[in-house]
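The lines below spell out each chain.
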Amino acid sequence: MRTRPLKVALLGCGVVGSEVARIMTTHADDLTARIGAPVELAGIAVRRPDRVRRGVPAELITTDATALVKRGDIDVVVEVIGGIEPVRTLITTAFEHGASVVSANKALLAADGATLHAAAVQHGVDLYYEAAVAGAIPLIRPLRESLAGDKVNRVLGIVNGTTNFILDRMDTTGAGYSEALDEATALGYAEADPTADVEGFDAAAKAAILAGIAFHTRVTIDDVHREGLTEVTAADIASAKRMGCTVKLLAICERSADGKSVTARVHPAMIPLNHPLASVREAYNAVFVEADAAGQLMFYGPGAGGAPTASAVLGDLVAACRNKLANTTGVGESAYTQLPVSPMGEVVTRYHISLDVADKPGVLAQVATVFAEHQVSIDTVRQQSRDRGTGAEGAAVEGGEASLVVVTHRAPDAALSATVAALRKLDTVRGVASIMRVEGE
Ligand code: HSE
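Conventions used here
- Residues numbered from 1 in each chain as written.
- Predicted model: local features only at pLDDT ≥ 70, side-chain atom pairs only at ≥ 80, totals over all residues.
- Heavy atoms only, no water.
- Core = buried A, V, L, I, M, F, W, Y, C linked by side-chain atoms within 4.5 Å.
- Buried < 20%, exposed > 50% of the residue type's maximum accessible area, 1.4 Å probe, protein only.
- Helix = DSSP H or I, 4+ residues; strand = E, 2+ residues; numbered from the N terminus.
- Contact = heavy atoms within 4.5 Å.
- Near = heavy atom within 4 Å.
- Polar contact = N/O pair within 3.5 Å; in protein donor to acceptor, adjacent residues only side chain to side chain.
- Areas by Shrake-Rupley, 256 points an atom, 1.4 Å probe, with all protein chains shown as cover.
- Nonpolar A, V, L, I, M, F, W, Y, C, P; charged D, E, K, R; others polar.
- Axes fitted to C-alpha atoms, helices over the stretch in contact; angles between N-to-C directions.
- Parallel < 35°, antiparallel > 145°, perpendicular 65-115°, else oblique.
- Left-handed = near helix turned anticlockwise from the far one by under 90°.
- Domains from an automatic or database assignment.
- Buried area = accessible area lost by both parts, 1.4 Å probe.

Observations concerning the nonpolar core
Line of reasoning, step 1. In this structure, V77, V152, I166 and I209 are the most contacted members of the largest nonpolar core, which totals 80 residues.
Line of reasoning, step 2. If one sorts the elements of this core by residue count, helix α10 (residues 201-215) sits on top with 11 residues.
Line of reasoning, step 3. Excluding its chain neighbours within four sequence positions, the residues that come into contact with I209 are K106, L109, A110, Y129, A132, V133 and I140.
Line of reasoning, step 4. If you look at the next biggest cluster of nonpolar residues, it comprises 34 residues, including L6, I23, M24 and V318.

Shown next as structure tokens:
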């Protein structure tokens with residue numbers, strides 16, 4: 001066994017970074033045995049050096065991240081700062097100085113993974129980022145290595161814990177979105193500014209990374225269709241329940257039927273209660289992978305938090321250190337298929353549309369005609385008269401309003417959008433209360 005230690009620089013020492021430092025210390029002997037050499041924390045770059053960090057050696061703290069990555073004796077840089085700049089420059093500088101990089105930075109990898117991968121190859125070092133998607137859950141390595149001999153057709157996942165917590169609360173307690181968000185904030189799941197989670201940016205970055213790896217092509221966050229969950233209402237959840245479904249914020253990456261393109265999207269969707277993803281509760285994450293030979297696989301676990309994310313970082317650190325010792329590099333980017341990413345309009349799925357309509361003769365026929373004109377086939381229709389239009393004996397009276405819920409067969413998203421636009425123009429359609437895709441069937 002080599003006695004000269006491998007040197008590790010840590011960029012960032014917040015919730016995840018401090019856990020990485022702690023585990024490197026408490027598990028030092030095991031890490032040494034597994035790697036084949038000791039690993040030494042050689043420096044920790046932070047923005048606020050005065051902050052108390054229990055268990056983190058004060059003498060290693062510096063505010064000069066650039067000097068740290070330029071030292072030349074660093075074997076692996078662990079980046080847990082987040083954001084695009086200055087991190088992209090720090091990582092490429094680390095590569096130029098011979099260090100491999102382990103990153104948890106989904107935003108950067110989803111925005112500009114290509115630059116980072118190219119720089120890693122140029123300098124003969126590793127770029128690993130298991131922690132960037134779904135915290136502790138092994139996903140990048142299984143997709144990149146375990147399934148390297150298979151053909152992945154679909155990745156369907158709950159990759160944001162905050163939004164899963166909110167939807168789970170809405171489902172179990174009947175709470176509205178704001179009430180459930182307040183609870184998520186009080187419990188520390190949602191940040192003071194929850195935009196990245198509730199508007200789907202966090203999940204979209206993860207979808208881009210997963211789609212690129214699953215389909216051996218390049219996908220950036222700009223290619224991902226994104227809708228958050230702020231418009232999901234208690235009525236949507238109740239409607240989903242009546243259909244034997246629940247609502248989840250899903251990241252969906254698919255190969256097209258002809259195999260010539262891919263799509264990546266994030267939006268709330270109804271899924272049947274008997275789908276494995278329906279049982280993913282609270283802030284847990286899960287990703288369902290469908291591959292030609294393997295069939296259906298599901299990966300489940302904690303998708304966030306200091307220790308779970310540090311677990312994924314440490315796994316990458318061990319792999320990068322082993323490669324350094326063997327003077328080699330691991331599996332890098334695979335983007336040889338160069339499949340284009342199709343727009344959302346080409347996605348084919350099912351829809352649940354809730355309309356407020358006039359309750360009078362011919363309305364149902366009018367609505368059905370609009371669907372037919374756009375080649376969208378209706379699966380089921382449910383109509384319920386509103387109290388306002390109900391007579392003394394409880395019978396619906398003409399001139400009142402009704403709620404009409406239409407569930408379609410599979411249709412292109414563009415056809416559905418055109419259908420909804422045409423429905424809005426009908427005098428008898430007073431409003432489109434909600435449109436939600438139905439997945440996982
Ligand atoms: N904010 C994310 C979540 C964790 O709620 O899952 C970090 O990606």
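The structure having been displayed, the exposition proceeds.
Some remarks on the site of the ligand
Line of reasoning, step 1. In the vicinity of the ligand, the contacting residues are K106, N160, G161, T162, D197, D202, K206 and A304.
Line of reasoning, step 2. The side chain of K106 places a nitrogen or oxygen atom 2.8 Å from an oxygen atom of the ligand.
Line of reasoning, step 3. Measuring from an oxygen atom of the ligand, one finds a backbone N or O atom of G161 at 2.6 Å.
Line of reasoning, step 4. Considered on its own, the ligand offers 260 Å² of accessible surface; in the complex 80% of this is hidden by protein.
Line of reasoning, step 5. If you list the elements that add at least two residues to the shell around the ligand, you get α7 (161-173) and α10.
Line of reasoning, step 6. Looking at side-chain class alone, the shell around the ligand contains 1 nonpolar, 3 polar and 4 charged residues.

Notes on the packing of helix α13 (residues 363-373) against helix α14 (residues 413-425)
Line of reasoning, step 1. In contact at an axis separation of 9 Å, α13 and α14 are set at 150° when each is read in the N-to-C sense. Here α13 lies roughly antiparallel to α14, going by the angle between them. For the element pair α13 and α14, the recorded crossing hand is right-handed. Contacts between α13 and α14 involve V367, V370 and F371 from the first element and T419, A422 and L423 from the second.
Line of reasoning, step 2. Residue composition of the contact of α13 with α14, by class: 5 nonpolar, 1 polar and no charged.

Quick word on the environment of A422
Line of reasoning, step 1. Positionally, A422 belongs in helix α14.
Line of reasoning, step 2. Given the relative accessible area of 21%, A422 is considered partly exposed.
Line of reasoning, step 3. In this structure the C-alpha to C-alpha distance between A422 and F371, which are 51 residues apart in sequence, comes to 9.0 Å.
Line of reasoning, step 4. The residues touching A422, leaving out its near neighbours within four places in the chain, are V370 and H374.

Some details on the domain arrangement of the protein
Line of reasoning, step 1. Split into domains, the protein comes out as domain 1 (6-135 + 307-326), domain 2 (140-302) and domain 3 (345-438).
Line of reasoning, step 2. One C-alpha centre belongs to domain 2, the other to domain 3; they are set 27 Å apart.
Line of reasoning, step 3. Tallying the contact residues gives 14 residues for domain 2 and 10 residues for domain 3.
Line of reasoning, step 4. Taken together, both faces of the contact between domain 2 and domain 3 bury some 1,100 Å²; the carbon and sulfur share is 59%.

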